[in-house]
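Chain by chain, the residues:
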Amino acid sequence: MRYLARVATATTMLGIGALHAMWGRGSTFPFANRDELNDSVIGRDATPSAGACYVVAGLLTVAGALVAGLPSPRSRVRRLGVCTVSITLAARAVLGFSGRTELVSPGSVSPRFRRMDKRYFSPLCAALAVGAATSLRG
């Protein structure tokens, strides 16, 4: 069961990282246009730079690799990295559930973003935090 949680968590992080890389290249998938993407995911009219999207994509890729067991399942670096990932995602979930995401993403206040955040993004962050933490066992 822990193996499945680890694989699902790592795969999800890698997939979300790939999505951010696509956004960095100008894609609006799975949204119809840039305005819809910004309102749903960013919570404001501003579009993050390609560089910012690539940084998030890179961080999610590293997080997914750590959760997957790289560089070595028993490595201290991996354990510290996975703990950091889990705590960061848990904090993001708490902020989202409490409607305070703008504390870490200033301006993320559109009504659509807040709905998406409470319904999808925060539960996803919470699940990924638990999945990451679970990957440390065994």
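If you're wondering where the values come from, they're calculated on a predicted model, not measured in any experiment.

Examining the packing of aromatic side chains
We describe a pair of aromatic rings using the distance from one ring centre to the other and the angle between the two ring planes.
Right, so step 1: In total, this model carries 1 aromatic pair according to the counting rule given.
Right, so step 2: Here Phe113 and Phe121 contribute two aromatic rings whose centre-to-centre distance is 6.1 Å and whose plane-to-plane angle is 40°, an arrangement assigned as tilted.

Brief notes about the nonpolar core
Right, so step 1: Counting 14 residues, the largest nonpolar core has Met13, Val67, Val82, Val85, Leu89 and Ala132 as the members making the most contacts within it.
Right, so step 2: Put simply, the parts of the chain that give this core at least two residues each are helix H1 (2-24), helix H3 (50-68), helix H4 (76-97) and helix H5 (111-134).
Right, so step 3: Those residues in contact with Val82, other than ones at most four positions away along the chain, are Leu66, Val67, Ala132, Ser135 and Leu136.

Some thoughts on the pattern of salt bridges
Side chains that carry opposite charge are capable of pairing whenever their charged atoms lie near each other.
Right, so step 1: Summed over all chains, the structure comprises 4 salt bridges.
Right, so step 2: The salt bridge partner of Arg112 is Glu36, with a shortest N-O separation of 3.6 Å. With Arg112 in helix H5 and Glu36 in helix H2 (residues 34-42), the pair connects residues that are 76 residues apart, well separated along the chain.
Right, so step 3: Classification of Arg112 by relative accessible area gives partly exposed; the value is 26%.
Right, so step 4: Judged by relative accessible area, which is 25%, Glu36 ranks as partly exposed.
Right, so step 5: In this structure, Arg100 and Glu102 form a salt bridge, with 3.6 Å as the shortest nitrogen-oxygen distance.

A few points about the packing of H1 against H3
Right, so step 1: At their nearest, the axes of H1 and H3 sit 8 Å apart, and the two run at 165° to each other. The angle between the axes of H1 and H3 places the two elements in the roughly antiparallel class. Pair H1 / H3 crosses with left-handed handedness. Where H1 approaches H3, its residues Arg6, Thr9, Ala10, Met13, Leu14, Ile16, Gly17, His20, Ala21, Trp23 and Gly24 are matched on the opposing element by Ala50, Cys53, Tyr54, Val56, Ala57, Leu60, Thr61, Ala63, Gly64, Val67 and Ala68.
Right, so step 2: For the contact of H1 with H3, the class distribution of residues is 15 nonpolar, 6 polar and 1 charged.

Some details on H5
Note: α-helices contain 3.6 residues per turn, so residues at a spacing of three or four share the same orientation.
Right, so step 1: In this model, H5 (24 residues) spans 33 Å end to end at C-alpha, consistent with the 34 Å of a helix rising 1.5 Å per residue.
Right, so step 2: At Asp117, H5 shows its largest kink, close to 50°.
Right, so step 3: Those residues of H5 not exposed but buried are Phe113, Met116, Asp117, Ser122, Cys125, Leu128, Ala129, Gly131 and Ala132.

Reading the values: the criteria
- Residues numbered from 1 in each chain as written.
- Predicted model: local features only at pLDDT ≥ 70, side-chain atom pairs only at ≥ 80, totals over all residues.
- Heavy atoms only, no water.
- Phe/Tyr/Trp six-rings, centres within 6.5 Å; stacked < 30°, edge-to-face > 60°.
- Core = buried A, V, L, I, M, F, W, Y, C linked by side-chain atoms within 4.5 Å.
- Buried < 20%, exposed > 50% of the residue type's maximum accessible area, 1.4 Å probe, protein only.
- Helix = DSSP H or I, 4+ residues; strand = E, 2+ residues; numbered from the N terminus.
- Contact = heavy atoms within 4.5 Å.
- Salt bridge = Lys/Arg side-chain N within 4 Å of Asp/Glu carboxyl O.
- Axes fitted to C-alpha atoms, helices over the stretch in contact; angles between N-to-C directions.
- Parallel < 35°, antiparallel > 145°, perpendicular 65-115°, else oblique.
- Left-handed = near helix turned anticlockwise from the far one by under 90°.
- Nonpolar A, V, L, I, M, F, W, Y, C, P; charged D, E, K, R; others polar.
- Expected span 1.5 Å × (residues − 1).
- Bend = angle between axes of the 7 residues up to and from the residue.

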